[in-house]
Amino acid sequence: MTNEPIRIAQMMTDMNFGGVEMVVMNYYRNIDRTKVQFDFIVLEGSTIPQREEIEALGGRIYIVPRYTHLIQYEKAIQKIFKENDYKIVHSHMNTLGIFSLYGAKKAGVPVRILHNHSTAGKGETKKNIIKYILRPFAKIYPTHLCACSKYAGEWVYGKNTEFKVFNNAIDLDKFKYNEVVRNELRKELDIEKKFVIGHIGRFCYQKNHKFLVNIFNEVTKINENAVLILIGEGELEEEVKEQVKQLNLQRKVLFLGKKADAYRYYQAMDLLLLPSRYEGLPVVGIEAQAASLPIICSTEVTKETKITNLVEFLDLKAPINEWAEKVKSISRKDVSEEIKKASYDIKTEGEKLLHYYEGLLK
């Protein structure tokens, strides 16, 4: 026996500011690191903004070739697995986890966890083809199955398969509504007397920013005092900026880029709008509720997002003016106790993950 913590290889794809990275980091910050340590295996090209924090917490980062260079990827990960003698590999690569867990099996890792965080969405043909091709093979190499929600788990593993759900839990104290922070930020952004609609997410097809801007444009016809703040970056950002320009909304839409302290910006908002084309279970939806912030989601977002009565759903096929009217009717209220009861407190959930890992090694 040794007093050293169990080292677990967390298999990531790109490690930037994405939702999966936020979930894994939340657990890492709140798990007992005297018993469990995380090592992160990430793809080349990742910005790894969490590097300094990971290393300060005792974690290690290994950068490997992208899985599109499959032979090099497999050689690299198998070498890392063998050199570190990992007993547990935890893959967060969704259907792509077949590649990481094949390597783990070849390297003789006894416990191999696949953790699904996503589903398929309409319109992303190339991505969906890959997901649907790989989905039947999802259960070949893992010894244990996990998911961020019942919906995400059933999508990849099937309805009759047993899997463990770990909530996308967060630090509730960090997100709790704070009037001081709200006033400071609204003053800083010069939106003190505005009705503020917000969105936090990558500028990509899934998040549906163009539809979001169209909704906001309709809202401004009802409430000229409305502003929209967009936090994130991505491949479609310039297209969305051009759309805002064409609609003459430049003075009402703020592009704030990436924010390491994005949690503070929920305080400045009056409403979060999530017209996503698909979601596993959006972390931002949980964070917003922890901040007592109302949310309007598309019906493509899993109903498991609704852990309080602050969440409402609308079909993406509904008329734009229906979305705008729904925005107009929402108000903010304190739901902090509901969040705790729904098992989204990271301190409690971190302990559950620790016990899960320990149980797998017995």
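Residues numbered from 1 in each chain as written. Predicted model: local features only at pLDDT ≥ 70, side-chain atom pairs only at ≥ 80, totals over all residues. Heavy atoms only, no water.

### Brief notes about unusual backbone geometry
Piece 1. In this model, Ile48 sits at a positive phi of 45 degrees, which is unusual for a non-glycine residue.
Piece 2. By the element assignment, Ile48 lies in the loop between strand E2 (36-43) and helix H2 (51-56). (Helix = DSSP H or I, 4+ residues; strand = E, 2+ residues; numbered from the N terminus.)

### Description of the packing of helix H9 (residues 209-222) against helix H13 (residues 320-329)
Piece 1. The geometry of H9 relative to H13 is characterised by a closest axis approach of 8 Å and an angle of 65 degrees between their N-to-C directions. The element H9 and its partner H13 pack so that their crossing is right-handed. Between H9 and H13, the contacting residues are Phe211, Asn214, Ile215, Glu218, Val219 and Ile222 on the first element and Ile320, Asn321, Trp323, Ala324, Glu325, Val327 and Lys328 on the second.
Piece 2. Tallied by class, the residues present in the contact of H9 with H13 amount to 8 nonpolar, 2 polar and 3 charged. (Axes fitted to C-alpha atoms, helices over the stretch in contact; angles between N-to-C directions. Left-handed = near helix turned anticlockwise from the far one by under 90°. Contact = heavy atoms within 4.5 Å. Nonpolar A, V, L, I, M, F, W, Y, C, P; charged D, E, K, R; others polar.)

### Looking at empty space enclosed by the protein
Piece 1. Inspection of every chain in the model, using the stated rule, returns 1 cavity of 30 Å³ or more.
Piece 2. Counted as a void, the largest cavity has a volume near 70 Å³.
Piece 3. Lining the largest cavity are Gln10, Val23, Val24, Tyr27, Phe38, His90, His92, His115, Phe166, Leu353 and Tyr357.
Piece 4. Split by residue class, the lining of the largest cavity holds 7 nonpolar, 4 polar and no charged. (1 Å grid on protein atoms, 1.4 Å probe; cavity = no way out; pocket = protein on both sides within 12 Å on 5 of 7 lines; lining within 4 Å. Points joined across faces, edges and corners; volume = space filled by probe spheres on them.)

### Side note on the environment of Gly97
Piece 1. Counting through the fold element by element, Gly97 comes out in helix H4 (residues 97-106).
Piece 2. In this structure Gly97 comes out as buried when scored by relative accessible area, which is 0%.
Piece 3. Each C-alpha atom of the pair Gly97 and Asn116 lies 8.6 Å from the other, and the pair is 19 residues apart in sequence.
Piece 4. With near-sequence residues (within four places) excluded, Gly97 lies in contact with Ser91 and Leu114. (Buried < 20%, exposed > 50% of the residue type's maximum accessible area, 1.4 Å probe, protein only.)

### Description of the sheet that holds strand E11 (residues 271-274)
Piece 1. Spatial ordering of the open sheet is given by E10-E9-E8-E11-E12-E13, a layout of 6 strands whose pairing is parallel. Of all the strands in the sheet, just strand E10 (253-257) and strand E13 (311-314) have a single pairing partner and so form its edges. Each strand of the sheet is rotated relative to its neighbour by a mean of 25 degrees, with strand direction disregarded.
Piece 2. With 4 bridges joining them, strand E12 (residues 295-298) and E13 adopt parallel strand pairing. When the bridges of E13 are listed, Cys297 appears paired with Phe313.
Piece 3. Along the sheet, H9 makes contact with strand E8 (195-200), strand E9 (226-231), E10 and E11, crossing E9 at roughly 165 degrees.
Piece 4. Packing of helix H12 (residues 283-290) onto the sheet brings it into contact with E8, E11, E12 and E13, and relative to E11 it is tilted by some 165 degrees. (Pairing = 2+ DSSP bridges.)

### As for the nonpolar core
For soluble globular proteins, nonpolar side chains are generally found buried alongside one another.
Piece 1. Core analysis: the biggest nonpolar cluster contains 68 residues, and Phe38, Phe40, Tyr266, Met269, Leu272 and Tyr357 have the highest contact counts within it.
Piece 2. A per-element tally of this core places helix H15 (residues 346-360) first, with 6 residues.
Piece 3. For Tyr266, the contacting residues outside a window of four places in its chain are Phe175, Ile200, Leu272, Val284, Glu287, Ala288, Ala291, Leu293 and Arg332. (Core = buried A, V, L, I, M, F, W, Y, C linked by side-chain atoms within 4.5 Å.)

### Focus on the side chain of Glu21
Piece 1. Inspection of the secondary structure assignment puts Glu21 in helix H1 (residues 19-30).
Piece 2. With no salt bridge to any partner, buried Glu21 finds its closest opposite charge in Arg202, at an N-O distance of 8.1 Å.
Piece 3. Looking at Glu21, its side chain comes within polar contact range of the main-chain nitrogen of Gly18, at 3.0 Å.
Piece 4. Beyond its immediate chain neighbours, meaning those up to four positions away, Glu21 contacts Met12, Asp14, Met15, Asn16 and Gln50. (Lys, Arg positive; Asp, Glu negative; His and termini not counted. Salt bridge = Lys/Arg side-chain N within 4 Å of Asp/Glu carboxyl O. Polar contact = N/O pair within 3.5 Å; in protein donor to acceptor, adjacent residues only side chain to side chain.)

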